[in-house]
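Residue strings, one per chain:
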Amino acid sequence: MFKYKPMNKSELIKEVALKGQLSFNEATNAVDAIMETIAETMHKGESVTLVGFGSFVIQERKARNGHNPATGGSMVIPSKRQVKFRPGSKMKLE
């Protein structure tokens, strides 16, 4: 069985520094700038597409009925917007 260990932000920064031949601080600034730009774009209501990697799109969820486990009664779960990632061709697993 295949076990995986998720990569955290500091591990990602180390890999970017190694592959990009950057210092740790330069890689940190680059990763932070990318994440901040994607977040700002999403807050404006726009999607972000990185060809081959994937797309970050906003998905609207409608209000729906749910179950309140504390009281046992029903409740209305309000509508909301959420970010969804759609992987690109380079992200497809074999």
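Use the structure listed above.
Residues numbered from 1 in each chain as written. Predicted model: local features only at pLDDT ≥ 70, side-chain atom pairs only at ≥ 80, totals over all residues. Heavy atoms only, no water.

Enquirer: Lay out the overall build of the protein chain with the relevant residues and their values.
Expert: Across its full length, the protein chain holds two helices and five strands. Helices and strands appear in the protein chain in the N-to-C order α-α-β-β-β-β-β. For a compact globule of 94 residues, the expected C-alpha radius of gyration is about 12 Å, and the protein chain comes in at 19 Å, more than 25% above that figure. Its C-alpha atoms give the protein chain principal-axis dimensions of about 55 × 40 × 30 Å. Taken across its 94 residues, the protein chain has 17% of its residues classed as buried. Partitioning the intrachain contacts of the protein chain with sequence separation of at least 6 by distance along the chain shows that 33% fall at a separation of at least 24. Approximately 8,000 Å² of the protein chain is accessible, and the part contributed by carbon and sulfur atoms is 57%. (Helix = DSSP H or I, 4+ residues; strand = E, 2+ residues; numbered from the N terminus. Rg over C-alpha atoms; globule rule 2.2 N^0.38 Å. Buried < 20%, exposed > 50% of the residue type's maximum accessible area, 1.4 Å probe, protein only. Contact = heavy atoms within 4.5 Å. Areas by Shrake-Rupley, 256 points an atom, 1.4 Å probe, with all protein chains shown as cover.)

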